[in-house]
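Letter by letter, the chains look like this.
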Amino acid sequence: MPTEEERETRRKFTGRYGEARGPVVEQVERAVIGGDWGASGYTTVEQADHLGRVLQLGPGRRLLDVGAGRGWPGLYLAVRTGCDVVLTDVPLPGLRLAMRRAAIEAAADRASAVASSARALPLRAGSFDAVVHTDVLC
Amino acid sequence: MLRASRSLLRPGGRTAFFTIHPTPGLDPRLRRRAHHDGPVAVASHLPNRVLLERAGFVDVEETDVTAEFERVGRAWIEEGDRHRDALVELLGADEVETRRQERCVQLQAVEDGLLQRSLLVATKPIDAGLR
């Protein structure tokens, strides 16, 4: 059962992930974190690349990104390293944008999205080589 | 969530994540302020390393990335201010101001030593089985 704080967070991010993203938003994001993957948090491209290295991501490896938002950094890591990725989050608008970006990046066959709370992920035990999340566990 | 991550990993698989948390050793009053000013739910009372070990991970490595957290937080505010007019046109003045205020409060908490950001890397034991 989600807490009131979790419900409020869900409402907030559902609205934010679904809002218009004009060129100015991408310009700001590129200036701050170095990429335009729909990020609004604190993980830079350099830090995402570090995650890819410590998780030894590459073709044939399977990554789970919990709380993936619009696909940052899980989808980026799949595009960058060639790994497969499953993106999970509660707000649907972000996951829709992520899958649209996966198609643009020719990575749709290696990316999938699951709308689910991290509390009860409907995924098979022992099926991932790596799990990543950024500022979800606070 | 850490236990769920462990379950979903194959034996020998790794998790790596960034997390924002109260600075260890704060007294209860400052801890409450960290909780109030931090993002979403800066709630855990236990160190990240302990949480990971209790969830069954081994080879836990923790790296403090607070300096970069502070730099990026300041950059969001400065870049937002630089493009304020265009952002207001896109998102509305109230929304732009709300987000700016959230970032300013968090940045102040970092500058005051109340919040930190860490990178945690840990491994599911190779002999753990699927659960």
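Computed from a predicted structure; not experimentally measured.

It is worth spelling out the nonpolar core at this point. In terms of nonpolar packing, the biggest core is built from 48 residues, with Leu55, Leu63 and Trp72 of chain A touching the most fellow members. If you tally residues by element for this core, the top one is helix α2 (residues 23-33) of chain A, at 5 residues. Setting aside residues up to four positions removed in sequence, Leu63 of chain A forms contacts with Leu55, Leu57, Gly74, Leu77, Cys83, Asp84, Val85, Val86, Phe128, Ala130, Val131 and Val132 of chain A. The next biggest cluster of nonpolar side chains, apart from the first, holds 19 residues, and it includes Val86 and Phe128 of chain A together with Leu8 and Leu9 of chain B.

Moving on to the confidence of the model for chain B. A residue-level look at chain B finds 94% of positions with pLDDT of 70 or above and a mean pLDDT of 91. Scoring of the predicted complex yields 0.89 for pTM and 0.90 for ipTM.

In this section: the pairing of strand β1 (residues 62-66) of chain A. Residues and elements named next belong to chain A. Where burial is concerned, most of β1 is hidden: 4 out of the 5 residues are buried. Here β1 pairs with strand β2 (residues 84-89) via 5 bridges, running parallel. Directly across from Leu63, in β2, lies its bridge partner Val85. Since β1 and β2 lie parallel, the crossover through helix α4 (residues 74-81) that links them has a hand, and here it is right-handed. Relative to strand β4 (residues 128-134), β1 is paired through 3 bridges, and the arrangement is parallel. Across the sheet, the residue bridging to Asp65 is Val132, located in β4.

With that out of the way, let us pick up the pattern of salt bridges. All names here are of chain B. Per the stated rule, a full pass over the model turns up 17 salt bridges over all chains. Its salt-bridge partner being Asp112, residue Arg33 comes within 2.8 Å of it at the nearest N-O pair. Separated by 79 residues along the polypeptide, Arg33 in helix α2 (residues 28-37) and Asp112 in the loop between α6 (93-111) and β3 (115-123) bring together distant segments of the chain. Look at Asp112 and you get partly exposed, because its relative accessible area is 39%.

With 48 residues of chain B in contact, the opposing surface of chain A contributes 47 residues. When chain B packs against chain A, the two sides together hide about 4,100 Å² of surface, and 61% of this comes from carbon and sulfur. Sorting the residues of chain B by area buried against chain A places Met1, Leu8 and Trp76 of chain B first, and these three jointly supply 19% of that buried surface. At the junction of chain B with chain A, the criterion picks out 2 salt bridges. Here Asp135 of chain A and Arg117 of chain B are joined by a salt bridge, their closest N and O atoms 2.9 Å apart. For the interface between chain B and chain A, the tally reads 20 residue pairs in polar contact (both at pLDDT 80 or more). Counting only elements with at least two residues in the side of chain B that touches chain A, the list comes to α1 (2-8), β1 (9-22), α4 (66-82), α5 (84-91), α6 and β3 of chain B. Take the side of chain B that touches chain A: its biggest share by element is 10 residues, from β1 of chain B. Tallied by class, residues from the side of chain B that touches chain A come to 26 nonpolar, 11 polar and 11 charged. When β4 of chain A meets β1 of chain B, the two strands line up parallel, connected through 6 bridges.

Each value, and the rule that gives it
- Residues numbered from 1 in each chain as written.
- Chains lettered and ligands numbered in written order.
- Predicted model: local features only at pLDDT ≥ 70, side-chain atom pairs only at ≥ 80, totals over all residues.
- Heavy atoms only, no water.
- Core = buried A, V, L, I, M, F, W, Y, C linked by side-chain atoms within 4.5 Å.
- Buried < 20%, exposed > 50% of the residue type's maximum accessible area, 1.4 Å probe, protein only.
- Helix = DSSP H or I, 4+ residues; strand = E, 2+ residues; numbered from the N terminus.
- Contact = heavy atoms within 4.5 Å.
- pLDDT = per-residue confidence, 0-100.
- Pairing = 2+ DSSP bridges.
- Right-handed = clockwise from strand over helix to strand, strands pointing away.
- Salt bridge = Lys/Arg side-chain N within 4 Å of Asp/Glu carboxyl O.
- Buried area = accessible area lost by both parts, 1.4 Å probe.
- Polar contact = N/O pair within 3.5 Å; in protein donor to acceptor, adjacent residues only side chain to side chain.
- Nonpolar A, V, L, I, M, F, W, Y, C, P; charged D, E, K, R; others polar.

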